[in-house]
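# Structural overview
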Amino acid sequence: MAVELTAETARKCEEIIGRYPEGWKEAAILPVLHLVQKEWGYVSLEGLKYVSQLLGMPAARAAGVMSFYPMFHKAPVGRHIIQVCSTLSCALCGAEEVVDYLKEKLKIEVGETTGDGRFTLEKAECIAACEGGPAIRINDELHRYLTKEKLDKMLDGLE
Ligand code: FES
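Each chain carries its own residue numbering, running from 1 in the written order of its sequence. For a predicted model such as this one, the threshold for reporting local features is a pLDDT of at least 70, and the threshold for listing and counting side-chain atom pairs is 80 or more; totals across whole chains, interfaces and linings nevertheless cover every residue. Heavy atoms throughout the structure, all of them, feed into the side-chain values; hydrogens and water do not.

Before going further, it helps to spend a moment on the pairing of strand β2 (residues 119-124). With five of six residues buried, β2 is to be regarded as a mostly interior element. Any two strands between which DSSP finds at least two bridges are classified as paired. Strands are runs of DSSP state E lasting at least 2 residues, helices are runs of H or I lasting at least 4, and numbering of each runs from the N terminus. As judged from the six bridges shared by strand β1 (residues 80-85) and β2, these two strands associate in the parallel manner. Residue pairing in the sheet places I81 in a bridge with T120 of β2. For every residue, the accessible area obtained with a 1.4 Å probe (protein chains only) is divided by the maximum for its type, and the residue is called buried under 20%, exposed over 50%, and partly exposed between those limits.

Our focus in this paragraph is the pattern of salt bridges. We define a salt bridge as a contact between a side-chain nitrogen of Lys or Arg and a carboxyl oxygen of Asp or Glu at a distance within 4 Å. Enumeration according to the criterion identifies nine salt bridges in this entry. One salt bridge in this structure joins R11 and E15, with 3.4 Å as the shortest N-O distance. Within this pair, R11 and its partner E15 are both found in helix α1 (residues 7-17), separated by four residues, close to a single helical turn. With relative accessibility at 41%, the residue R11 sits in the partly exposed group. Connected through shared salt-bridge partners, E8, R11, E15 and R19 make up one network.

Turning our eyes to something else, we now look at the confidence of the model for the chain. Per-residue confidence from the predictor is given as pLDDT, running between 0 and 100. Taken as a whole, the chain shows an average pLDDT of 93; of its residues, 99% reach a score of 70 or greater. When mean pLDDT is compared element by element in the chain, helix α6 (residues 95-106) scores highest at 97, while helix α3 (residues 45-55) scores lowest at 93.

Our next topic: the sheet that holds β2. Reading across the sheet, the four strands line up as β2-β1-β3-β4 and stay open at both edges, with mixed pairing between neighbours. Strands with a single pairing partner mark the edges of an open sheet, and in this sheet they are β2 and β4 (141-143). For this sheet the average axis-to-axis angle between neighbouring strands, irrespective of direction, equals 25°. A contact between two residues is defined here by any heavy atoms of the two lying within 4.5 Å. With axes taken as lines fitted to C-alpha atoms, and helix axes fitted only over the stretch in contact, angles between N-to-C directions fall between 0 and 180 degrees. In the packing of α6 onto the sheet, contacts are made with β1, β2 and β3 (136-138), and the angle to β1 comes to roughly 150°. Against the sheet, helix α7 (residues 148-156) makes contact with β1, β2, β3 and β4, and its axis sits at roughly 10° relative to β3, the strand it touches most.

Turning next to the nonpolar core. Of all hydrophobic cores here, the largest spans 24 residues; its most connected members are I82, V84, L102, I136, L151 and L155. Broken down by secondary-structure element, the contributors of at least two residues to this core are β1, α6, β2, β3 and α7. For this core, the element with the highest residue contribution is α6, accounting for six residues. Each residue touching I82, except ones within four places of it in the same chain, is listed here: L102, L106, F119, T120, L121, E122, I136, R137, I138 and L155. Core analysis: the next-biggest nonpolar cluster, separate from the first, contains 20 residues, L35, V36, V51 and M57 among them. Side-chain atoms within 4.5 Å link the members of a nonpolar core, which is a set of buried Ala, Val, Leu, Ile, Met, Phe, Trp, Tyr and Cys residues.

Those residues of α3 that fall on the buried side of the exposure criterion are G47, L48, Y50, V51, S52 and L55. On its buried face, α3 is in contact with α1, α2 (29-40) and α4 (59-68). Directly after α3, the chain includes G56, whose backbone phi takes a positive value near 65°.

Time to look at the packing of α2 against α3. The interhelical angle for the contact between α2 and α3, taken along N-to-C directions, is 140°, at an axis separation of 11 Å. By the angle between their directions, the pair α2 and α3 is classed as oblique. Crossing of α2 over α3 shows right-handed handedness. Contact residues: α2 offers I29, V32, L33, V36 and W40, while α3 offers G47, L48, Y50, V51, L54 and L55. Charged means Asp, Glu, Lys or Arg here, nonpolar means Ala, Val, Leu, Ile, Met, Phe, Trp, Tyr, Cys or Pro, and polar covers whatever is left, Gly included. Of the residues assigned to the contact of α2 with α3, the class counts are 10 nonpolar, one polar and no charged. In these notes the angle categories are as follows: under 35 degrees is roughly parallel, over 145 is roughly antiparallel, 65 to 115 is roughly perpendicular, and the rest is oblique. Each crossing is labelled by how the near helix is turned from the far one, with a counterclockwise turn of less than a right angle marking it left-handed and a clockwise turn marking it right-handed.

For the rest of this paragraph, the subject is the packing of aromatic side chains. Aromatic pairing here means that ring centres of Phe, Tyr or Trp (its six-membered ring) are within 6.5 Å. Orientation follows from the plane angle: under 30 degrees is stacked, over 60 is edge-to-face, and everything else is tilted. Within this structure, the stated rule accounts for three aromatic pairs. With a centroid separation of 6.0 Å and an interplanar angle of 65°, the aromatic rings of W40 and Y50 are classed as edge-to-face. Of the two residues, W40 is situated in helix α2 and Y50 in helix α3; the sequence distance between them amounts to 10 residues. Given the relative accessible area of 24%, W40 is considered partly exposed. Relative to Y69, the ring of F68 lies with its centre 5.0 Å away and its plane at 80°, an arrangement referred to as edge-to-face. An aromatic cluster of three or more residues is present, and its members are F68, Y69 and F72.

This is the structure in structure tokens:
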């Protein structure tokens, strides 16, 4: 499958890559992967090859970098990605109950996407909201001190 970015995203990638001297272009991989994922929703194998060519680096190395960071998705995900922090502070504040509630409410397991493509449920390591556990991230937004009522209100407001 041939992949191609929109002109605007391609321009942004070029701008970022242009900040690095020749021979160091692959240092731009994280912001470029973010742009690609923002446009396509995930980074497919073809997308990863495209990025590696853009940066002049071996695809295997690009895959190694991408696999280190859990925020990059290799397959399609829901329109809204719910990441429940499962690290110690949040675990002590009831993160597992939040996960159980979301599994029941959305009728999916962790790592799955709802049938309507609306939500993907994931567990995450610390999301830097430790003082407000249990905490979750929905897309790029942090939410603290979660309760079932808060979750219902937030999720019901997302299309
Ligand atoms: S432990 Fe949950 S945000 Fe840090």
